[in-house]
Amino acid sequence: MVLKDFPSESKIGLFLLIWLILWLPIALLLGKRLNWKPFQPLEADQKIPLLVPLYLLVPWLGWLTLRVENTSLSDYGLYWQWNLLISLGLGLLLGLGGLGIVFVLQGGLGWLIWHSENLNQLGKLALPIFGLAVWIALTEEFVFRGIFQTILEENYNPWISAMVASSIFALLHLLWERQTTLPQLPGLWLMGMVLVIARWVDGGSIGLGWGLHAGWVWGLASLEAAQMLSYTGKGKDWIIGIHQQPLAGIMGILCLLATSLVLWPWLS
């Protein structure tokens, strides 16, 4: 039996195992310099240096997958056409728009305060964070909504495949931080489902999901890095997000559900 004939879950398990084996020695070497050990919580300044080599391995893993599966990038949702950039732009607008509504509502309810004095800092940080967000989103969409979703659909129906791929997507976030990630698991799973729907809406392309994902990462990371807002303590944690993480609260969940409702009419 050749690898192409393996069950979907075996292929995904092998993909993740190879990814981990290749990354772990690099992570251990970097960990010494960063004063980090595996399975310990990461500080903000430790995460990016460890994430970069992990994600730099994805193009090679993608190439290996194409060779083994005898497929093309388009089979995994990467269509190098102008429509991809159009979908990326639409996704960015929709992602940022959803975040904007959430934070404006919270500000109007007195749950947070905007720090306009930090606008200059936001301007300096926005562009580099945008580049990082676009790269992270493309990598994760290619792996989870592209490769994993497509491989799972070889043996399961699309909805079951989406639920499994979204579960893997959510659980792997525990690699970085467990205390703040555990309350986010339902939100991360739902986020994965919304991004799968975005791929279906976009005719199999990951462009729209790429834009949505990048918009959410860019918006949240920029606001946090520039310290553009702070919470007043008037809002309940389960509403605004446990540990101030939007995906761990009702507002973040509602944002994802609203996004899915916007996408749903175009789902054929």
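Every residue gets a number counted from 1 within its own chain, in the order that chain's sequence is written. Local features in a predicted model are, by the rule used here, given only for residues with pLDDT of at least 70; side-chain atom pairs are given and counted only at 80 or more, and totals for whole chains, interfaces and linings are based on all residues. Think of the side-chain values as coming from all heavy atoms in the structure, minus any hydrogens and water.

Draft legend 1. Quick peek at the overall build of the chain. Helix numbering and strand numbering both begin at the N terminus, where a helix is a DSSP run of H or I of at least 4 residues and a strand a DSSP run of E of at least 2. Helix and strand counts for the chain stand at ten helices and two strands. The atom set for the radius of gyration is the C-alpha atoms, and the globule formula is 2.2 Å times the number of residues raised to the power 0.38. Relative to the compact-globule value of 18 Å for 268 residues, the chain shows a C-alpha radius of gyration of 19 Å, a close match. Over its C-alpha atoms, taken along the principal directions, the chain stretches across nearly 60 × 50 × 35 Å. Summary of the burial criterion: residues with accessible area below 20% of their type's maximum are buried, those above 50% are exposed, and those between are partly exposed, where the area comes from a 1.4 Å probe applied to protein chains only. Burial statistics for the chain: of 268 residues in total, 44% are counted as buried. Taking contacts inside the chain between residues at least 6 apart in sequence as the whole, the part at least 24 apart equals 75%. Areas reported as accessible are Shrake-Rupley estimates using a 1.4 Å probe. Residue values count occlusion only from the protein chains shown. Counting only carbon and sulfur atoms, one obtains 69% of the accessible surface of the chain, whose full area is about 13900 Å². Working rule for contacts: check all heavy atoms of both residues, and any pair within 4.5 Å makes them a contact.

Draft legend 2. Representation of the pattern of salt bridges in the model. Each salt bridge in this description consists of a side-chain nitrogen of Lys or Arg and a carboxyl oxygen of Asp or Glu lying within 4 Å of one another. All told, the structure shown has three salt bridges when counted by the stated rule. The partner of K11 in a salt bridge is E69, and the shortest N-O contact between them spans 3.2 Å. Of this pair, K11 sits in helix α1 (residues 8–34) while E69 sits in helix α3 (residues 58–69), and the two are 58 residues apart along the sequence. The same class applies to K11 and to E69, which are both buried. A salt bridge links R145 to E141, with the shortest nitrogen-to-oxygen separation between them at 2.6 Å.

Draft legend 3. Fine view of the nonpolar core. For this analysis, a nonpolar core means a set of buried residues of the types Ala, Val, Leu, Ile, Met, Phe, Trp, Tyr and Cys, connected via side-chain atoms within 4.5 Å. Core analysis: the biggest nonpolar cluster contains 65 residues, and W19, W23, F148, M191 and W216 have the highest contact counts within it. Discounting residues that sit within four places of it in the chain, M191 has contacts with F169, H213, W216, L247 and L256.

Draft legend 4. Highlighting unusual backbone geometry. Phi is positive for N70, which is not a glycine, with a value near 55 degrees. For N70, a relative accessible area of 68% gives the class exposed. If you check the backbone angles, Q227 has positive phi at about 55 degrees while not being a glycine. Classification of Q227 by relative accessible area gives exposed; the value is 56%.

Draft legend 5. The environment of I18, seen in detail. Looking at where I18 falls in the secondary structure, it is placed in helix α1. Each C-alpha atom, one on I18 and one on S222, is 33 Å from the other, the two residues being 204 residues apart in sequence. Residues within four places of I18 in sequence aside, it is in contact with W60, L61 and L64.

Draft legend 6. Summary view of the packing of helix α4 (residues 82–108) against helix α10 (residues 250–263). Running from amino to carboxyl end, α4 crosses α10 at an angle of 140 degrees, the nearest separation of the two axes being 10 Å. Taken together, the axis directions place α4 and α10 in an arrangement best described as oblique. α10 is crossed by α4, and the crossing has right-handed handedness. Contacts between α4 and α10 involve L94, G98, L99, V102, L105 and Q106 from the first element and M251, C255, T259, V262 and L263 from the second. Axis lines are fitted to C-alpha atoms, over the contacting stretch for helices. Their N-to-C directions set the angle, which ranges from 0 to 180 degrees. Relative orientations are named as follows: roughly parallel for angles under 35 degrees, roughly antiparallel for angles over 145 degrees, roughly perpendicular for angles from 65 to 115 degrees, and oblique for any other angle. Note: crossing handedness is left-handed where the near helix turns anticlockwise from the far helix by less than a right angle, and right-handed where it turns clockwise.

Draft legend 7. Structural view of the packing of aromatic side chains. Two rings belonging to Phe, Tyr or Trp (six-membered ring only in the last case) form a pair when the distance between their centres is within 6.5 Å. Interplanar angles under 30 degrees mark stacking, angles over 60 mark edge-to-face geometry, and anything in between is tilted. This model, assessed by the stated rule, comprises eleven aromatic pairs. For the pair F15 and F148, a centre-to-centre distance of 5.3 Å together with 85 degrees between the ring planes defines the contact as edge-to-face. Separated by 133 residues along the polypeptide, F15 in helix α1 and F148 in helix α5 (residues 119–152) bring together distant segments of the chain. Residue F148 is classed as buried on the basis of its relative accessible area, which comes to 0%. With a centroid separation of 5.5 Å and an interplanar angle of 85 degrees, the aromatic rings of F144 and F148 are classed as edge-to-face. Here the residue F144 and the residue F148 both occupy positions in helix α5, the gap between them amounting to four residues, near one helical turn. Both residues of the pair, F144 and F148, belong to the buried class.

Draft legend 8. Quick look at α10. To estimate how far a helix should reach, multiply one less than its number of residues by 1.5 Å. In this model α10 runs 20 Å from its N-terminal to its C-terminal C-alpha over 14 residues, within 8% of the 20 Å that 1.5 Å per residue would give. Of the positions making up α10, those classed as buried are M251, G252, C255, L256, T259, S260 and L263. As for α10, its buried residues are in contact with α4, α7 (185–201), α8 (207–225) and α9 (237–240).

Draft legend 9. Geometry of α4. Helix length check: α4 (27 residues) gives 39 Å between terminal C-alpha atoms against 39 Å at 1.5 Å per residue, within 8%. Restricting attention to buried positions, one finds in α4 the residues L84, S87, L88, G91, L92, G95, G98, L99, V102, F103 and Q106. Those residues of α4 hidden inside the fold are in contact with β1 (112–114), α5, α8, β2 (229–231), α9 and α10. Where α4 ends, the next residue or the one after it, G110, has phi of about 80 degrees, a positive value.

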